[in-house]
Amino acid sequence: MINIRVPATTANMGPGYDVLGAALSLYADFSAELAPKLGIEGCPREFQNEDNLVIRSYKRALELCGRGYEPLHLSIDTKVPIARGLGSSSTCIAAGVMAADRLHGLGLSKGEIVDICTGIEGHPDNVAPAVLGGVVAGFSDGQRIHTIQYVPDKSWRFVTVIPDYEVRTEEARRVVKKEIALSEGIYSTGHVLGLVRALETGDEELLSASCRDILHEPYRKGLIADYERAKDIALGSGACTFFISGSGSTMMAAVKAGEVEKAVFNALSEAFGSYEVLSLSICHEGASIG
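Residues numbered from 1 in each chain as written. Predicted model: local features only at pLDDT ≥ 70, side-chain atom pairs only at ≥ 80, totals over all residues. Heavy atoms only, no water.

**Q** Explain the side chain of Thr-10 to me, please; I cannot follow it from the model alone.
**A** Locating Thr-10 in the fold gives a position in strand β1 (residues 2-11). The exposure class assigned to Thr-10 is buried, which follows from its relative accessible area of 1%. Side-chain polar atoms of Thr-10 contact the side chain of Ser-245, separated by 2.9 Å. Thr-10 has contacts with Leu-20, Gly-21, Ala-22, Leu-24, Asn-126, Phe-243, Ser-245, Gly-246 and Met-252, leaving out every residue within four places of it along the chain. (Helix = DSSP H or I, 4+ residues; strand = E, 2+ residues; numbered from the N terminus. Buried < 20%, exposed > 50% of the residue type's maximum accessible area, 1.4 Å probe, protein only. Polar contact = N/O pair within 3.5 Å; in protein donor to acceptor, adjacent residues only side chain to side chain. Contact = heavy atoms within 4.5 Å.)

**Q** It is not clear to me how the packing of aromatic side chains should be interpreted in this structure. Could you clarify?
**A** Aromatic rings considered in pairs are described by the distance between their centres and by the relative angle of their planes. All told, the structure shown has 5 aromatic pairs when counted by the stated rule. Here Phe-158 and Phe-243 contribute two aromatic rings whose centre-to-centre distance is 6.3 Å and whose plane-to-plane angle is 70 degrees, an arrangement assigned as edge-to-face. Of this pair, Phe-158 sits in strand β7 (residues 156-162) while Phe-243 sits in strand β8 (residues 241-244), placing them 85 residues apart in sequence. The same class applies to Phe-158 and to Phe-243, which are both buried. An aromatic cluster of at least three residues, connected via ring pairs, comprises Tyr-165, Phe-272 and Tyr-275. Above the face of the Tyr-69 ring, Lys-59 is positioned so that its terminal group lies 4.8 Å from the ring centre. The ring of Phe-272 has Arg-229 lying over it, and the distance from NZ or CZ to the ring centre is 4.9 Å. (Phe/Tyr/Trp six-rings, centres within 6.5 Å; stacked < 30°, edge-to-face > 60°. Lys NZ or Arg CZ within 6 Å of the ring centre and 35° of its normal.)

**Q** How do you make sense of the pattern of salt bridges when you look at a structure like this?
**A** Opposite charge on two side chains lets them pair, provided their charged atoms get close. Under the criterion given, the structure shown has 12 salt bridges. The partner of Arg-174 in a salt bridge is Glu-171, and the shortest N-O contact between them spans 2.8 Å. Taken together, the residues Arg-174 and Glu-171, both in helix α5 (residues 169-174) and 3 residues apart, mark about one turn of the helix. Looking at Arg-174, the relative accessible area reads 54%, which means it is exposed. (Salt bridge = Lys/Arg side-chain N within 4 Å of Asp/Glu carboxyl O.)

**Q** Is there a simple way to think about the packing of helix α1 (residues 53-64) against helix α2 (residues 88-103) in this case?
**A** Each packed pair of helices is defined by two parameters, the angle between the axes and the distance between the axes. At a closest axis distance of 7 Å, the pairing of α1 and α2 adopts a crossing angle of 40 degrees. The angle between α1 and α2 places the two elements in the oblique class. Handedness of the crossing formed by α1 with α2: right-handed. Here α1 contributes Leu-53, Val-54, Ser-57, Tyr-58, Ala-61 and Leu-62 to the contact with α2, which in turn contributes Ser-89, Cys-92, Ile-93, Ala-95, Gly-96, Val-97, Ala-99 and Ala-100. When its residues are assigned to classes, the contact of α1 with α2 shows 11 nonpolar, 3 polar and no charged. (Axes fitted to C-alpha atoms, helices over the stretch in contact; angles between N-to-C directions. Parallel < 35°, antiparallel > 145°, perpendicular 65-115°, else oblique. Left-handed = near helix turned anticlockwise from the far one by under 90°. Nonpolar A, V, L, I, M, F, W, Y, C, P; charged D, E, K, R; others polar.)

**Q** Help me understand the sheet that holds β8 in this model?
**A** If you walk across this open sheet you meet the 4 strands as β8-β9-β7-β10, and the pairing is antiparallel. Pairing within the sheet leaves two strands with one partner each, and these edge strands are β8 and β10 (276-280). Going across the sheet, the axis of each strand differs from the next one's by a mean of 20 degrees, ignoring polarity. With 4 bridges connecting them, β8 and strand β9 (residues 251-256) associate as antiparallel partners. The residue bridging Phe-243 from the neighbouring strand is Met-252, located in β9. (Pairing = 2+ DSSP bridges.)

Just distances and angles here, no functional claims.
Next up, the structure:
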């Protein structure tokens, strides 16, 4: 039996729309072993079958590597909420591909695992940081996925508000403009470069100035009923920036560890008592097998 731990992720991170993601200290754990027949526990009954995303990803990895399918016994214990913008699907995809690699001796590199996961997910902004850890930018040249891994300052914390409702990815995609002006592209390029430098160096002033988006958040915030209130509370309590995680509904306030972190956490917890509020750090290691 192998044990796989995959971190949650936050994608987009303000101006890094469909480009930038980070692994977080919130985890999904999977145990897998080869078995005579498929068995799945730890998830709703409707996902205890061949259509389970972990199993589909496991099968796809074997298919791509020219190996035959052997059933698994799979146990799932996840703290990553489904359909909240924290990369729950990426944890399943990464677990399935990594299970195939380890249980069948495929000998895949982390880069090859990212490539396979991206092919399943459709884009790298969640799966790449889930596998690699840290902050990761990713893009395709039409043939393969290129990733750039950044090592952020360890003092960053992300006070995270997880509402009890989801924002459907299809709706979040629908409301975003399909074409942008040259000036908008220039704005976004400059701001995302500032953002990654701020994350690396721990520069709060630079993060505040650079983590501003014009491509998706102005449109998606209308899908999150609590966005404006949560943003006002977070910034008013000392957070240096506030952004939507993935396509929502989860929202995050970036702070440094310490008193401001406590103040922002307490203010958001008091305001949104029926929601889950967490203070998360960056997971620097990425997915692992124990």
